[in-house]
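These are the residues of each chain, in order.
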Amino acid sequence: MRFLKGHGTDNDFVILPDPDNELDLAPARVAAVCDRRAGIGADGVLHVVRTKLSQEVADQADRAEWFMDYRNADGSIAEMCGNGVRVFARYLVEAGLAEPGEFAVATRGGPKLVRLAADGDVTVDMGKPVVLGSSTTTVSGQEYTGLHVDMGNPHLACVIGDPVAHLDLTHQPAFDPAVFPNGVNIELLNAVGTHRALMRVYERGSGETRSCGTGAVATAVAAAHLAGEDTGTWTVEVPGGILTVTLDERTSYLAGPAAIIASGELTL
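## Re the layout of surface pockets
When its volume is computed, the largest pocket comes out at roughly 210 Å³. Along its surface, the largest pocket is lined by Lys-128, Pro-129, Val-131, Val-221, Ala-224, His-225, Glu-229, Asp-230, Thr-231, Leu-247, Asp-248 and Thr-251. No other element matches the 3 residues that helix 3 (residues 213-226) contributes to the lining of the largest pocket. When the residues that make up the lining of the largest pocket are grouped by side-chain class, the tally is 5 nonpolar, 3 polar and 4 charged.

Listed below in structure tokens is the structure:
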């Protein structure tokens, strides 16, 4: 099968063009593709399918021609991926499947409007974050409290006093399965300066990644909550670079770079 490789702030993806939805993407095959030693290596797979040919999202076909069928690195299915949808949009334009400018992409979290800027950044309308209360996580024996934020996928965004750079995220942080029965993406963040946060993330199905787009929005929501605000623009610094999150009364926007870096044939 043909593949491409792309990333957004080092959150990397294998792109599998499959307009007619013919590929067998069993979890074991996705995991093999994402394996960093025996496969291509990635945080997840962006499966490119015509929306009308996917029963899951066919009701979005009148708004979005293409469906981002996103899979985590372990082969599990996810509702949304903020960096992934920006890389997906970059691929569509470079492949001639969409015109530069503004268009919608179908996702399991609903259609997402994307915009490609002349400077190379891609902005996506992420929808209105929904705060569902608070919960806790435990990292290396230390418990942290955070906000439960629904971005179409579940997040626990924790503002902490300990430097995030010193955390050990080689293992799954503990969380409450009663609150997150399908798992959760966990963000640990330091609020530094005005409207700026440093963030690390442990993503369900992938482990620690160098960036997470939906997690960056959840991080901005948690930082804003700490400051007693609910709108504004936040700079979120992740190990892979810098993302910009804008919160307004109606929705949220995520902006940052997205690049396609390789293509080839995959025999797995």
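## Focus on the nonpolar core
Counting 51 residues, the largest nonpolar core has Met-68, Leu-92 and Phe-103 as its most contacted members. The dominant element in this core, judged by the number of residues it contributes, is helix 3, at 8 residues. Ignoring sequence-local partners within four residues, the contact set of Met-68 consists of Leu-46, His-47, Met-80, Cys-81, Gly-84, Val-85, Phe-88, Val-105, Ala-106 and Thr-107.

## Topic: unusual backbone geometry
Of note in this structure, Ser-140 is not a glycine but carries a positive phi near 50°. Within the secondary structure, Ser-140 is located in the loop between strand 8 (130-139) and strand 9 (142-150). With relative accessibility at 63%, the residue Ser-140 sits in the exposed group. Positive phi is not limited to glycine here, since His-195 has a value of about 55°. Along the polypeptide, His-195 turns up in the loop between strand 12 (185-191) and strand 13 (196-203). Taking the relative accessible area as the measure of exposure, His-195 reaches 24% and is therefore partly exposed.

## A word on the environment of Gly-110
Along the chain, the position of Gly-110 falls in the loop between strand 5 (102-105) and strand 6 (112-116). Dropping the residues within four chain positions of it, Gly-110 is found in contact with Gln-60 and Val-105.

## So, the pattern of salt bridges
On inspection of all chains with the given rule, the structure shows 13 salt bridges. Salt-bridge contacts for Arg-71 lead to Asp-69; the nearest nitrogen and oxygen are separated by 2.8 Å. Using a relative accessible area of 11% as the deciding quantity, one classes Arg-71 as buried. The closest approach of N and O atoms between Arg-204 and Glu-79, which form a salt bridge, is 2.4 Å. Placement of Arg-204 in the loop between strand 13 and strand 14 (207-209) and of Glu-79 in the loop between strand 4 (66-72) and helix 2 (82-94) is noted, with a sequence separation of 125 residues between them. When salt bridges with common partners are traced through the structure, they connect Lys-5, Asp-12, Arg-36 and Asp-43 into a single cluster.

## Quick notes on the environment of Ala-165
Structurally, the position occupied by Ala-165 is in the loop between strand 10 (154-159) and strand 11 (174-175). Taking the C-alpha atoms as reference points, Ala-165 and Leu-188, separated by 23 residues in sequence, lie 9.8 Å from one another.

## Topic: the sheet that holds strand 3 (residues 44-50)
As summarised here, the arrangement of the 5 strands in space is 4-3-2-1-18, forming an open sheet in which the pairing is mixed. Every interior strand has two partners, whereas the edge strands, strand 4 and strand 18 (259-265), have only one. The average angle at which neighbouring strand axes cross in this sheet is 25°, direction not considered. Bridge count for strand 2 (residues 11-17) against strand 3 is 5 bridges, and the pairing is parallel. When the sheet's bridge partners are listed, Pro-17 is paired in strand 3 with Val-48. Of the strands in this sheet, strand 2, strand 3 and strand 4 touch helix 1 (residues 27-34), which is tilted by about 120° from strand 3.

## Things to note about empty space enclosed by the protein
A full pass over the atoms with the stated rule returns 1 cavity of 30 Å³ or more. Quantified by volume, the largest cavity comes out at close to 70 Å³. Forming the walls of the largest cavity are Tyr-70, Asn-72, Ala-78, Met-80, Cys-81, Asn-153, Asn-185, Glu-203, Arg-204, Cys-212 and Thr-214. Residues that form the lining of the largest cavity fall into these classes: 5 nonpolar, 4 polar and 2 charged.

## Quick notes on the side chain of Thr-251
With respect to the secondary-structure elements, Thr-251 resides in the loop between strand 16 (241-247) and strand 17 (252-257). For Thr-251, a relative accessible area of 2% translates into the label buried. Side-chain polar atoms of Thr-251 contact the side chain of Asp-125, separated by 2.5 Å. Of note is the side chain of Thr-251, whose polar atom sits 3.1 Å from the backbone nitrogen of Gly-127. Other than its neighbours up to four places away in sequence, Thr-251 contacts Asp-125, Met-126, Gly-127, Lys-128 and Thr-246.

Calculation notes
Residues numbered from 1 in each chain as written. Predicted model: local features only at pLDDT ≥ 70, side-chain atom pairs only at ≥ 80, totals over all residues. Heavy atoms only, no water. 1 Å grid on protein atoms, 1.4 Å probe; cavity = no way out; pocket = protein on both sides within 12 Å on 5 of 7 lines; lining within 4 Å. Points joined across faces, edges and corners; volume = space filled by probe spheres on them. Helix = DSSP H or I, 4+ residues; strand = E, 2+ residues; numbered from the N terminus. Nonpolar A, V, L, I, M, F, W, Y, C, P; charged D, E, K, R; others polar. Core = buried A, V, L, I, M, F, W, Y, C linked by side-chain atoms within 4.5 Å. Buried < 20%, exposed > 50% of the residue type's maximum accessible area, 1.4 Å probe, protein only. Contact = heavy atoms within 4.5 Å. Salt bridge = Lys/Arg side-chain N within 4 Å of Asp/Glu carboxyl O. Pairing = 2+ DSSP bridges. Axes fitted to C-alpha atoms, helices over the stretch in contact; angles between N-to-C directions. Polar contact = N/O pair within 3.5 Å; in protein donor to acceptor, adjacent residues only side chain to side chain.

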